[in-house]
Structure formats: C-alpha cells, structure tokens
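A look at the structure
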Amino acid sequence: MKNLKPLAQILLCTLSPLSGAVYAQDSMSMPMPAQDTTTPDSSMSGMDADSMKKMEHMPAKHTTGTSNKQHDHKQPAPEMQHAHEQSAPPVGSLPSSDGSAGKSYHAYDIGMATMNMEDNPLITKLLLDKLEYVHGDQADSMVWDGRFRIGYDLNKLWIRSEGQRAKGKVQEADAELLWGHTFAPYWDVVTGLRHDFGTGPARDWAAFGIQGLAPYKFDVEATAYAGTEGRAAVRLKTSYDLLLTQRLILTPEIDANLYSKDDLDRGIGAGLADTSVGLRIRFEVRREFAPYVGIEYIQKYGKTADIARTSSDATHDLQLVAGARIWF
C-alpha cells in the first residue's frame, strides 16, 4: 500500500490538466443564450400585454446619442457659427476689397466726366475735299469743293458748296443748304435749297437727292433740282479712294450736269451740259491734311458747247491741279 500511494499521486497530477481542457472545450461548444436586444426596459416591467402592443405602434424614440448627431448635422457648432458671423459683411454694406480688385479710374487720373459717352452725340465736320490751284488752257483759277455737316446720327444739316474763282471774280459757284436723314447704313436722303451765283444771274433751286457709300465703297451723290420758270436739273458725282498704301491714295472722280431748259444768261443748254473726269493722288501727312496733285478733263456737250463756241470759249479743257484735302 505504501508503494501505491506515490503512484496515485502521479496519476492525479497527470489527469488534472486534462480535465481542465475538457471543461474549457465543453464551455465553448455549449450554445449561449441569444442576447435579447428588445428586452423591455426595467421600467416596463409590470406592464400588461395590451400596453406593450400600444407602445409598438408609437413613434420610435431615438436614443440620446443619435439625437445629438442629427443636431450637429443641421446646426453648425457654436464656434463655427461665431467665426461665420465675424467674416460675413453686415447686411446692407458692400464687401471689402482685399487689394486684388482693379483700381478705380481716379487712380489713373481719369475723370469720370471723360467716360460719359453719349449714344447719339452731336457731330460736326468740315471737309474741304478740293482746295486747289488749276492751270488750264484758258486761265488759271482757284477751285473749291467742300461740305459741312452738323447733327446727329440720323438727322443732320448739310452745307455743300463748290465753285471756281478766276481773274479776281467768282465764275461759277453754288451753295446748298440741305437737311439729311439716314434711311440706310451709309446712306442719307437730302432735301433743301440750292443757290447759284457767280457769272450771270443768280438761280434758286429746290433740291432733293441721296448721298452715301455704294457697294465697293464708291462715294455717290445724286441730286435733282427744280427751279423757277420750269427749270430742272440733275447733278451726279461719284468718286473712289484707291489705297496704294495706307497714306498714298489715288482718287478717280466723275461729275455730270444735266438741265431741262436752256439758260443762255448762264451759258447752259438743255440736255447733258458738261462732264469732268479727274484723277488725283494725295499723300495723307495726317488724316486731316493731305496735299495732292492731279489732272482733270472738262468737256461740254450739245447746246452748252454751242453757246461756248459762240462766246469764243473752249468746249473742253485739260487742267493740271494741285491742292490739299483738309477736314476737321
């Protein structure tokens, strides 16, 4: 028996760890009871089944944590709200500049008075298209052809005049006072009065016509006149500016005058009275000032030529011209 006691102690020591492992496996393999998340609150203890069913149809009551998150999503934190109130400009005031915006016109010494641009300003212009000295077969002379306008874009007043002065006297000249109205881009209809003066008795006419810039940039004037004693007349003028360079410009020009009745006192016969064909080349020192030279050929026709022969005047004349074109 004395020999069996140590043997029993050794056996017990060997079996005791095995029994602990077997117990642990049993505890892990044993089914655990499911945690009931719908376990009513302890305050609900004692409620009957009907009261529990009524509470199931009631709106769900949010937990305290969820309610705080929704509140944070809808409303900014107090510190963010305070910063937003400090950065936003007050109601009714303009936002302040950080210096990156453009400077005002006053910073460049530009007065606002110069920035006031009218849509329909009053425009004035004086153009002396011809102011020239003429050397011809008969006598040298001075010739002018100019116009002045004052008015607005659509309605304006025109003063046109052309003539010739030789031997200290005005030979042939006329002046027109016209009201012009723009009826199309670059085109005006004009109406008014014309007064002839110089050699012979003065004549007055009622004038009606058009003037403007035709396609391909031809300057065109076509005016009809009605005078006293049943007189009528038509004047046609056209010219074209051919730019050889930006400042050297060649200008061919054609004029023609027609009359319905003879006017022997002024040396005019019925029909096509005369034409002039000119060719001038000008150099624009400035756009407003351009000296030029050229030639011009004048031809009289029909009864007008017969009247000239009777008076021992030439029926045609080739002239050399030199002058300046001025406008301002």
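The rules behind these values
Residue numbers here run from 1 along each chain, matching the order of that chain's written sequence. For a predicted model such as this one, the threshold for reporting local features is a pLDDT of at least 70, and the threshold for listing and counting side-chain atom pairs is 80 or more; totals across whole chains, interfaces and linings nevertheless cover every residue. Excluding hydrogens and water, the side-chain figures rest on all heavy atoms present in the structure. Strands are runs of DSSP state E lasting at least 2 residues, helices are runs of H or I lasting at least 4, and numbering of each runs from the N terminus. The rule is simple: take the accessible area with a 1.4 Å probe, protein chains only, and divide by the maximum for that residue type; under 20% is buried, over 50% is exposed, in between is partly exposed. Here, two residues are considered to be in contact whenever any of their heavy atoms come within 4.5 Å of each other. Surface accessibility follows the Shrake-Rupley procedure with a 1.4 Å probe radius. Residue values consider only the protein chains on display as shielding. Confidence of the prediction at every residue is given by pLDDT, a number between 0 and 100. Pairing between two strands is assigned when DSSP locates at least 2 bridges connecting them. Counted as a polar contact is a pair of N or O atoms within 3.5 Å, where, for protein atoms, one must be capable of donating a hydrogen and the other of accepting one, and residues adjacent in sequence contribute only when both atoms are in side chains. One speaks of a salt bridge when a side-chain nitrogen belonging to Lys or Arg is within 4 Å of a carboxyl oxygen belonging to Asp or Glu. Patch membership requires over 30% relative accessible area and the absence of a salt bridge. Like charges are linked within 9 Å, and nonpolar side chains (Val, Leu, Ile, Met, Phe, Trp, Tyr) within 5 Å. Working definition: a ring pair exists when centres of Phe, Tyr or Trp rings (six-membered ring for Trp) sit within 6.5 Å. Plane angles under 30 degrees give stacked, over 60 give edge-to-face, the rest tilted. Here, a charge over a ring is recorded when the distance from Lys NZ or Arg CZ to the ring centre is within 6 Å and its angle to the ring normal is within 35 degrees.

This paragraph deals with the overall build of the chain. Looking only at helices and strands, the chain features five helices and 13 strands. Here the chain, with 328 residues, has 24% of them falling under the buried criterion. In the chain, 43% of the contacts between residues at least 6 apart in sequence involve partners at least 24 apart. As displayed, the chain has an accessible area near 23,300 Å², and 63% of this comes from carbon and sulfur atoms.

Moving on, we get to the confidence of the model for the chain. Looking at the chain, pLDDT values average 80 and 66% of them are 70 or higher. Taken together, the stretch residues 60–73 has pLDDT below 50 and engages in zero contacts with residues farther than four places along the chain or on a different chain.

Right, let's talk about the pairing of strand β4 (residues 169–184) for a bit. Of the strand pairs in this sheet, strand β3 (residues 155–166) and β4 are connected by 12 bridges, and their pairing is antiparallel. Bridge pairing in β4 links Glu162 to Asp174. The turn joining β3 and β4, which pair antiparallel and follow one another in sequence, is formed by two residues; a positive phi near 55 degrees is taken by Lys167.

With that settled, consider the side chain of Asp263. Tracing the backbone through its elements, the reader meets Asp263 in the loop between β10 (248–259) and β11 (271–283). Judged by its relative accessible area of 5%, Asp263 is buried. Polar side-chain contacts of Asp263 include one of 2.9 Å to the side chain of Arg203. Other than its neighbours up to four places away in sequence, Asp263 contacts Arg203, Arg231 and Ile268.

Moving on, we get to the pattern of salt bridges. Any two side chains of opposite charge can pair, given that their charged atoms come close. For the structure shown, the criterion picks out 24 salt bridges. Residue Glu284 pairs with Arg287 through a salt bridge whose shortest N-O separation is 2.4 Å. With a relative accessible area of 38%, Arg287 lands in the partly exposed category. Linked through salt bridges whose partners overlap, the residues forming this network are Lys130, Glu132, Glu253, Arg280 and Glu296.

As for its position among the elements, Gly209 is in strand β6 (residues 203–214). The exposure class assigned to Gly209 is buried, which follows from its relative accessible area of 4%. Put simply, Gly209 and Tyr225 are 16 residues apart on the chain and 8.6 Å apart in space, counted from C-alpha to C-alpha. Residues within four places of Gly209 in sequence aside, it is in contact with Asp188, Val189, Val190, Ala222 and Thr223.

A contiguous nonpolar surface patch, about 440 Å² in accessible area, is contributed by Leu279, Ile295, Tyr297, Leu318 and Leu320. For the nonpolar patch, the secondary-structure elements that each account for two or more residues are β12 (289–300) and β13 (316–327).

Attention now moves to the packing of aromatic side chains. Under the counting rule described, the total for this entry stands at three aromatic pairs. Centre to centre, the rings of Trp205 and Tyr225 are 6.4 Å apart; their planes meet at 70 degrees, and the pair counts as edge-to-face. One end of the pair, Trp205, is in strand β6; the other, Tyr225, is in strand β7 (residues 218–227), and 20 residues separate them in sequence. Just as Trp205 is buried, Tyr225 falls in that class too. Residue Trp205 is classed as buried on the basis of its relative accessible area of 4%. Through pairs of rings, three or more aromatic residues link up here, namely Trp205, Tyr225 and Tyr259. Note that Lys125 overlies the ring of Trp327, its terminal NZ or CZ placed 4.8 Å from the centroid. Sitting over the ring of Tyr225, Arg194 keeps its end group 4.4 Å from the ring centre.

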